[in-house]
Amino acid sequence: GQYQEAINTLEQASILKPAVATYMELGTDLAQVGKTPEATAACDKIPTVDPTAKNTQAACYKNVGIVLMNKGKEPAAVAPLQKATLLNPKDVLAWKLLGDSLSSTITSESQDGKIALVIPPGTLEAYQRCLELEPNGPYAGEAKSALDGFAQLAKSPTERKEKN
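Worth saying up front: this structure is predicted, and the values here are computed from it rather than measured. (Residues numbered from 1 in each chain as written. Predicted model: local features only at pLDDT ≥ 70, side-chain atom pairs only at ≥ 80, totals over all residues. Heavy atoms only, no water.)

Please clarify how the pattern of salt bridges should be interpreted in this entry.
Should their charged atoms come close, side chains of opposite charge can pair. Tallied over the full model, the rule gives 6 salt bridges. Across the pair lysine 96 and aspartate 100 runs a salt bridge whose closest N-O atoms are separated by 2.4 Å. Here lysine 96 pairs with aspartate 100, and both are found in helix 7 (residues 92-103), just 4 residues apart, close to one helical turn. On the basis of relative accessible area, lysine 96 is assigned to the buried category, the value being 7%. (Salt bridge = Lys/Arg side-chain N within 4 Å of Asp/Glu carboxyl O. Helix = DSSP H or I, 4+ residues; strand = E, 2+ residues; numbered from the N terminus. Buried < 20%, exposed > 50% of the residue type's maximum accessible area, 1.4 Å probe, protein only.)

Encoded structure:
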């Protein structure tokens, strides 16, 4: 819970002796105190210490995304989770969380007196990827429910007339 103190110590440690684990912890702690750009920048530095630490860098971005989602900042979690899935395309949880964070950015628009939902690009694909990787895994039920919900929206239009 002493995130600011930990950040100060980790920043000093990264100057004296840069290490993958230091940047990973720094990224997570910076996200805890709401410094999202700095958190992802810490994850960005991992390959400067170990160019082969792609999965650790992906885990760093995923941790930042998890912290943001736990704090109710799902839209801010989209970018780090996208980076996590690019670096580690087999991370089922990262794909599921990406679907969840993208779902939080669904908007609506008015067309001809009706309301239509605007689903962000990549939302359905994130849930589909989660199911492809682990069709019976721990997140499969939630991913399938989300996809079924979107399918129902597509079948039976959720459009309704606007109130005047």
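I'm lost on the packing of aromatic side chains in this one. Help?
The way to describe two aromatic rings as a pair is by their centre distance and the angle between their planes. By the definition in use, this model includes 1 aromatic pair. On the basis of an interplanar angle of 35 degrees and a centroid distance of 6.5 Å, the ring pair of tyrosine 127 and phenylalanine 150 is categorised as tilted. With a gap of 23 residues between them, tyrosine 127 in helix 8 (residues 123-133) and phenylalanine 150 in helix 9 (residues 140-155) connect regions that are remote in the sequence. Among the residues examined, tyrosine 127 registers a relative accessible area of 3% and is labelled buried. Note on phenylalanine 150: relative accessible area 12%, which makes it buried. (Phe/Tyr/Trp six-rings, centres within 6.5 Å; stacked < 30°, edge-to-face > 60°.)

Where do I start with the state of the cysteines in this structure?
What makes a disulfide is a covalent bond joining the sulfur atoms belonging to two cysteines. Per the stated rule, a full pass over the model turns up 1 disulfide. Paired by a disulfide, cysteine 43 and cysteine 60 hold their sulfur atoms 2.1 Å apart. Taking the sign of the S-S torsion, about -75 degrees here, the bridge from cysteine 43 to cysteine 60 comes out left-handed. Of this pair, cysteine 43 sits in helix 3 (residues 36-44) while cysteine 60 sits in helix 5 (residues 54-70), placing them 17 residues apart in sequence. Taking relative accessible area as the criterion, cysteine 43 reaches 0% and is therefore assigned buried. (Disulfide = S-S within 2.5 Å.)

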